[in-house]
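# Observations on chain architecture
One-letter residues, chain by chain:
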Amino acid sequence: MQGQPPGENIFAAMADMLAKQFRVLLLDELLITHISEAILVKNLFRHMWARGMTIITTSNYRPEELYAKGFNRDQFVDFIPDLTGQCPVIDLGGETDYRKVDLSENSEIFWHPIN
C-alpha cells in the first residue's frame, strides 16, 4: 500500500481501509489452494473481525476441509476454530436443489420485489 510506514502490518492496513468503506464482506466460494492464500485469509479475516466487520462466504468445503493436505497447513489449522466461530456453517446440501425450485409455487423460500 502506498504511504505505508515500514513495518506496518499490511493486513491491519488493508482491514482499516476496508472497514472504512464496508461493514459486510460477501465472498462467493472460499477456496484455498496455496499457503499464501491460507495466510491471507487467516490474517485479513482476523483483522476485519477485530474491526467489527461481518464476513459471509460460500464454499464447497467445510472449514476443517479447507486447504486439506496442503503444504505447511499447520500454519492455517489454528485459524479453523476462529472461522467456524465467526462464520457458522449453514449446510444447503440435501435433497432440494434451490436453483431448480419453481419460484411461483414457493414464495416462502424466495423474496420478490413488491412490484
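Residues numbered from 1 in each chain as written. Predicted model: local features only at pLDDT ≥ 70, side-chain atom pairs only at ≥ 80, totals over all residues. Heavy atoms only, no water.

### Remarks on the overall build of the protein
- Check the secondary structure of the protein and you find 4 helices and 2 strands.
- In the protein, the succession of α and β elements from N to C terminus is α-β-α-β-α-α.
- Sorting the 115 residues of the protein into buried and exposed places 24% on the buried side.
- Of the roughly 8500 Å² of accessible surface on the protein, a fraction of 56% belongs to carbon and sulfur atoms. (Helix = DSSP H or I, 4+ residues; strand = E, 2+ residues; numbered from the N terminus. Buried < 20%, exposed > 50% of the residue type's maximum accessible area, 1.4 Å probe, protein only. Areas by Shrake-Rupley, 256 points an atom, 1.4 Å probe, with all protein chains shown as cover.)

### Regarding the side chain of Lys-42
- Considering the arrangement of structural elements, one finds Lys-42 in helix 2 (residues 35–50).
- Residue Lys-42 is classed as buried on the basis of its relative accessible area of 11%.
- A polar side-chain atom of Lys-42 sits 2.7 Å from the main-chain carbonyl oxygen of Gln-75.
- For Lys-42, the residues in contact, after removing those within four places along its chain, are Gln-75, Asp-78 and Phe-79. (Polar contact = N/O pair within 3.5 Å; in protein donor to acceptor, adjacent residues only side chain to side chain. Contact = heavy atoms within 4.5 Å.)

### Section: the packing of aromatic side chains
- This model, assessed by the stated rule, comprises 4 aromatic pairs.
- Both rings, one in Phe-45 and one in Phe-79, keep their centres 6.2 Å apart while their planes meet at 70°; by these two values the pair is edge-to-face. Linking Phe-45 in helix 2 with Phe-79 in the loop between helix 3 (74–77) and helix 4 (80–86), this pair joins segments that are 34 residues apart in sequence. Residues Phe-45 and Phe-79 agree in their burial class; the two are buried.
- Arranged with centres 5.8 Å apart and planes meeting at 15°, the rings of Trp-49 and Phe-79 form a pair that is stacked. Of the two residues, Trp-49 sits in helix 2 while Phe-79 sits in the loop between helix 3 and helix 4, which places them 30 residues apart along the sequence. Of the two residues, Trp-49 and Phe-79, neither departs from the other in class, the shared state being buried. (Phe/Tyr/Trp six-rings, centres within 6.5 Å; stacked < 30°, edge-to-face > 60°.)

### Things to note about the environment of Pro-81
- Examined against the element boundaries, Pro-81 turns out to sit in helix 4.
- C-alpha of Pro-81 to C-alpha of Glu-64: the two residues are 17 residues apart in sequence and 8.5 Å apart in space.

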